Every structure is written in C-alpha cells, then in structure tokens.
Amino acid sequence: DEVIFADTKLEFPEIYQYLHDLEKHTGYKITRLEPLRNWEDWFYGVPVRGNHKEIRGFPPELLPGCYIRRDSKVLPLQRHIGNGNTVCLGFASDEVQRSRSKAYRCQSNDYRFPLIEWGWRERECIRYLERIGMPHPLADIFDRTGCWLCPKQSVKSLVSLYQYYPELWKKLKQYENDAPYSLKREISLEEVERIAEGKSKVMKLSDFTDYQR
C-alpha cells in the first residue's frame, strides 16, 4: 500500500507539519507529489490560446475546472498511480458529487471511496481524529481547508485568513492587485477586511456562512 499526497505548494503551513505527525502516528511514509507547474508561472502567464494580452490571474471562481487542481492534483496523481490498482480517495459522504466524476469511472483502476461507503461526513472524520489524539490543526479556524488562495473558498474562510494569517493575506492582496479580475465576483478583499473588523455598512459575515467551498 502507498499513501499519496498531491502537494499544490499552496497549503497552510500547519498541513505540512500534520503530514509529518501522521507519518509518525501511522508508521506509513507519505509520498508527496510535486505540481507540474509553479503557481506563479500560471498566475502571471499569458494564455497561449486565443488573442490574449492579460495574465491568467486566479482560476475562475464559478467554473468547475481549475488549472491548479488539474496540474497540482489530478495529472500528478494519474501519472503516479498508473493502471491496474485499487485507489481509495478520501472524499467524505457530504461531498458525494466529487466521486461521480467521469475520471473515476474508467476501467484502468478500481476507484473506491471508503468514507462515503461508511457514511462518514467531514464532521465524523474530525471527531475521529480527535479521538485518536490527532486533531486536525485547522478545524477550529476553518470549516474546510484547501489552497489558501482558492477563489472558491467561503467569505467566512477569507475572514479567518485575514485574522490569522496576515502575511498570506498580504500576498493575496498583491495577487488581486496584479490580476485582471478579483478573487471573488461578489466581494472585494477590502470589503472582507471591513466585515472582519465589523466596519462594513453593506454586508455582515452571517450573510455568507452558508456558502462553503
């Protein structure tokens, strides 16, 4: 058996430490896969197809596809796994739609989703980790985690990013300043700051808590 982690290089620092802790706890060596392309190469690159003059910027918020997910997760995993294997993916039962992708209905591998088979939602997974003494390091800060600059994350998540990770927030604002369009369509990062500080006259955090990545 092999445990695989596709590293986007955009995870929170605590996640990388948690990988080391998991190796010690389980005795399994975790294979870390490198992305096919650096994030900033994509972000600041100009699309080669079409008559584009602007940089790509952030992956589109409302489209299902994401070039970071494709080149940092999907393709590296496909190349490493090869064919003829049983592949278990950690999708929880409250994200069943992710398991229905055409990529997992191919004949080259047998794809399984144990957490969905067991009926374990993300909440059960978090509780289990707490029971075995390996609590998720960010469970008290974020409802979900992923790339810290993901456009699909909730406004609630962005507020937490602003409050707990000022250096990452500073980077994110620079990226938004350089990009041809903002991180999120319905709200600017400046408005997120006003919400976090209770200074917004237009929106409040409770307006967005139901929208999760």
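The preceding data block contains the structure.
Just so we're clear, the structure is a prediction, and the values are computed from it rather than from any experiment. (Residues numbered from 1 in each chain as written. Predicted model: local features only at pLDDT ≥ 70, side-chain atom pairs only at ≥ 80, totals over all residues. Heavy atoms only, no water.)

1. Observations concerning the overall build of the protein chain
Argument step 1. Of the regular secondary structure elements, the protein chain holds eight helices and four strands.
Argument step 2. Seen in sequence order, the protein chain has helices and strands lined up from the N terminus as β-α-β-α-α-β-β-α-α-α-α-α.
Argument step 3. Relative to the globule expectation of 17 Å for 213 residues, the C-alpha radius of gyration of the protein chain, 19 Å, shows essentially globular dimensions.
Argument step 4. The buried share of the protein chain, taken over its 213 residues, is 37%.
Argument step 5. Of all intrachain contacts in the protein chain linking residues separated by at least 6 positions in sequence, the fraction that spans at least 24 positions is 63%.
Argument step 6. Both charge centroids of the protein chain, one from 34 positive and one from 32 negative side chains, sit 4 Å from each other. (Helix = DSSP H or I, 4+ residues; strand = E, 2+ residues; numbered from the N terminus. Rg over C-alpha atoms; globule rule 2.2 N^0.38 Å. Buried < 20%, exposed > 50% of the residue type's maximum accessible area, 1.4 Å probe, protein only. Contact = heavy atoms within 4.5 Å. Lys, Arg positive; Asp, Glu negative; His and termini not counted. Charge placed at Lys NZ, Arg CZ, Asp CG, Glu CD.)

2. Section: the pairing of strand 1 (residues 3-6)
Argument step 1. Across four bridges, the pairing between strand 1 and strand 2 (residues 30-33) is parallel. Across the sheet, the residue bridging to I4 is T31, located in strand 2. (Pairing = 2+ DSSP bridges.)

3. Examining unusual backbone geometry
Argument step 1. Phi at K9 is positive, roughly 70°, even though this residue is not glycine.
Argument step 2. Turning to its location among the elements, K9 is positioned in the loop between strand 1 and helix 1 (13-26).

4. Remarks on the packing of helix 6 (residues 155-164) against helix 8 (residues 189-196)
Argument step 1. The geometry of helix 6 relative to helix 8 is characterised by a closest axis approach of 9 Å and an angle of 75° between their N-to-C directions. Relative to helix 8, the element helix 6 is oriented roughly perpendicular. Here helix 6 contributes V155, L158, V159, Y162 and Q163 to the contact with helix 8, which in turn contributes V192, E193, I195 and A196.
Argument step 2. Its residues assigned to classes, the contact of helix 6 with helix 8 shows seven nonpolar, one polar and one charged. (Axes fitted to C-alpha atoms, helices over the stretch in contact; angles between N-to-C directions. Parallel < 35°, antiparallel > 145°, perpendicular 65-115°, else oblique. Nonpolar A, V, L, I, M, F, W, Y, C, P; charged D, E, K, R; others polar.)

5. Notes on the packing of aromatic side chains
Argument step 1. For the structure shown, the criterion picks out 18 aromatic pairs.
Argument step 2. With a centroid separation of 5.5 Å and an interplanar angle of 55°, the aromatic rings of W120 and Y128 are classed as tilted.
Argument step 3. Here W120 falls in the partly exposed class, since its relative accessible area comes to 24%.
Argument step 4. For Y128, a relative accessible area of 34% translates into the label partly exposed.
Argument step 5. Here the aromatic residues W39, F43, Y44, F58 and Y175 are joined through ring pairs into a cluster of three or more.
Argument step 6. Taking NZ or CZ as reference, R37 lies 4.4 Å from the ring centre of W42, over its face. (Phe/Tyr/Trp six-rings, centres within 6.5 Å; stacked < 30°, edge-to-face > 60°. Lys NZ or Arg CZ within 6 Å of the ring centre and 35° of its normal.)

6. Looking at the pattern of salt bridges
Argument step 1. Taken as a whole, this structure holds 15 salt bridges when the rule is applied.
Argument step 2. Close ionic contact of E190 with K173 constitutes a salt bridge, the shortest N to O distance being 3.8 Å. Of the two residues, E190 sits in helix 8 while K173 sits in helix 7 (residues 166-178), which places them 17 residues apart along the sequence.
Argument step 3. Residue K173 is classed as partly exposed on the basis of its relative accessible area of 26%.
Argument step 4. Among the charged side chains, a network of salt bridges with common partners joins E95, R98, E122 and R144. (Salt bridge = Lys/Arg side-chain N within 4 Å of Asp/Glu carboxyl O.)

7. Looking at the environment of R100
Argument step 1. You can see R100 is positioned in the loop between strand 3 (86-88) and strand 4 (110-112).
Argument step 2. Its relative accessible area of 57% is what places R100 among the exposed residues.
Argument step 3. For R100 and I55, which are 45 residues apart along the polypeptide, the C-alpha to C-alpha distance reads 32 Å.

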